[in-house]
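Descriptive structure summary
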Amino acid sequence: MQDPNKLISFVVAFQVIAQGCKNILVQGFPFFYEINDMLNVVIMGGSLLMYVYALLTTGRLRIPVQTIAVLFFVGMTYLFTYMFFSQNAKYIQLTILKTLVACFFTFLLVSKLSTFEYLCKYFTKGSFLITLSGVLYAEIISVIAHSTTSDWSTYSMTMSNVLLLSVLWQLNAYFDSKNKLALIAAIIGSVVIFIYGSRNPFLAIGFFVSIKILFNSKRKSSSGVAIKLFFVSFVLIVLFFFKEILAFVGGMLDSFGLSSRTLYYLINADTEDITTGRAEIHGKLWDIVLNDPFLGLGVAGDEVAIQELAHSMYLSIFVTYGMILGSLVILYLFSQTIKGICRTSGLNHDIIIMYVCLVFPRSFTGGDIWANDSLWFLMALIISSLRQRKRAMV
């Protein structure tokens, strides 16, 4: 009989990587953009069938009680929304297939795992496909510009968010086993994000690299200390000569006929609105939430209220549940994360740290609890890891 961990890891990795590559290619290739809706149905529908098959054939791995409790709470949230905020239904229906597959089913299956060995293997290999998609995007975007906008643009937040996932998996492979090919791919992915993507991903990359070098180094000798001192010195030099370095990089890109939105906002941070409209969105939603702090607006309440996503995972939680219940939800997320970090080791600890860096630093300016598949992935990793630890102690 096939190892259930291997089957679950494969179908989850397939869904994430296939959808990620599709999302990148849609941004740069007009042909893929024209059939995007069909591709979404094919990939998500096919993934859903694979998920159901995996769920039915991996009965040896029982569903954790905590997973059932979380999904029950989610179900009650949707039921409450449909009962009292029926106007939200049309917004929910637009993304329900993606949310069901990428968030809830992924959460369910990953939490069943008794080892992350296969998950790490498949995601590391698949990350190179995402990097290749990013390079193809960069090539085509420089010629015909962004396929999803009528104005000339090379910027894509979607591309940078997907490519970020591959960069982190590749960096994890490098720090774990000194995989130089993974490091090269991570550097290429980071460069593509810098030129064509958002600033937001570099929060995750910066946090992850800093943690791995300063706090999680496997080298205990003097060479390990030297690496840490060099890293700290390098960061201080970059901060001290920040403007000069940005100007140099900007000139280098200009010489190749390239430009970077990230670089533009960093250089002009004193004169430009670097929040790119998020501050206004956050202000409107905070006014709504604070005017009625006891009851939220339900799932997709932000879109109904201001026809915009919250662009903040934390704010989207408050919009959904209100201040009181929303605070409890955030407290649960933080407490689970702290448990996951403190009570795990080895591969499990490394992957949890990676996803913590992927989720929490960026969630002030991006993400939505009902669309943030990385958040649900992280919570599943933690539930699975804590159960693995409990079993090992018996």
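Our structure is the block above this text.
Residues numbered from 1 in each chain as written. Predicted model: local features only at pLDDT ≥ 70, side-chain atom pairs only at ≥ 80, totals over all residues. Heavy atoms only, no water.

**As for the overall build of the protein**
- Tallying secondary structure elements over the protein gives 17 helices and zero strands in all.
- Counting every position in the protein, which comprises 394 residues, the buried fraction comes to 49%.
- At a minimum sequence separation of 6, the contacts of the protein that also span at least 24 residues come to 76%. (Helix = DSSP H or I, 4+ residues; strand = E, 2+ residues; numbered from the N terminus. Buried < 20%, exposed > 50% of the residue type's maximum accessible area, 1.4 Å probe, protein only. Contact = heavy atoms within 4.5 Å.)

**What to know about unusual backbone geometry**
- Backbone geometry at Lys178 places phi at a positive 55°, although glycine is not the residue there.
- Its place among the elements puts Lys178 in the loop between α7 (157-177) and α8 (180-196).
- A relative accessible area of 39% means that Lys178 is categorised as partly exposed.
- Although it is not a glycine, Gln307 adopts a positive phi angle of roughly 55°.
- Among the secondary structure elements, Gln307 is positioned in the loop between α14 (301-306) and α15 (313-342).
- For Gln307, a relative accessible area of 55% translates into the label exposed.

**Digging into α7**
- Helix length check: α7 (21 residues) gives 30 Å between terminal C-alpha atoms against 30 Å at 1.5 Å per residue, within 8%.
- Summarising burial for α7: 15 of the 21 residues are buried, a large majority.
- Residue Ser156 occupies the N-cap position of α7, its side-chain oxygen lying 3.0 Å from the main-chain nitrogen of Met159. (Expected span 1.5 Å × (residues − 1). Polar contact = N/O pair within 3.5 Å; in protein donor to acceptor, adjacent residues only side chain to side chain.)

**Quick notes on the nonpolar core**
- The biggest cluster of nonpolar side chains holds 97 residues, and the ones touching the most others in it are Val12, Phe123 and Tyr355.
- Top element by residues in this core is helix α5 (residues 89-110). It accounts for eleven residues.
- Sequence-distant contacts of Tyr355, that is, excluding residues within four places in its chain, are made with Phe123, Leu165, Trp169, Ser374, Phe377, Leu378 and Leu381. (Core = buried A, V, L, I, M, F, W, Y, C linked by side-chain atoms within 4.5 Å.)

**Notes on the pattern of salt bridges**
- Taken as a whole and assessed by the stated rule, the structure comprises two salt bridges.
- Lys284 serves as the salt-bridge partner of Glu280, at 3.5 Å between the closest nitrogen and oxygen. Placement of the pair is Glu280 and Lys284 together in helix α13 (residues 278-291), with a separation of four residues, close to one helical turn.
- Here Glu280 falls in the exposed class, since its relative accessible area comes to 53%. (Salt bridge = Lys/Arg side-chain N within 4 Å of Asp/Glu carboxyl O.)

**Notes on α13**
- With 14 residues, α13 should reach 20 Å at 1.5 Å per residue; the first-to-last C-alpha distance of 20 Å fits that figure.
- Residues Arg278, Ile281, His282, Leu285 and Val289 constitute the buried set of α13. Taken around the axis of α13, the buried residues stretch over an arc of 95°, which confines them to a single face. Facing away from the buried side of α13 by over 90 degrees, the exposed positions are Glu280, Leu290 and Asn291. (Arc of directions from axis to C-beta.)

**Some points on the packing of aromatic side chains**
- With the rule as written, the count across this model stands at 26 aromatic pairs.
- Judged by centre distance (4.8 Å) and plane angle (10°), the ring pair of Tyr355 and Phe377 falls under stacked. Here Tyr355 is found in helix α16 (residues 346-359), whereas its partner Phe377 is found in helix α17 (residues 373-393), with 22 residues between them in sequence.
- One residue, Lys178, lies across the ring of Tyr174, its end atom 5.0 Å from the ring centre. (Phe/Tyr/Trp six-rings, centres within 6.5 Å; stacked < 30°, edge-to-face > 60°. Lys NZ or Arg CZ within 6 Å of the ring centre and 35° of its normal.)

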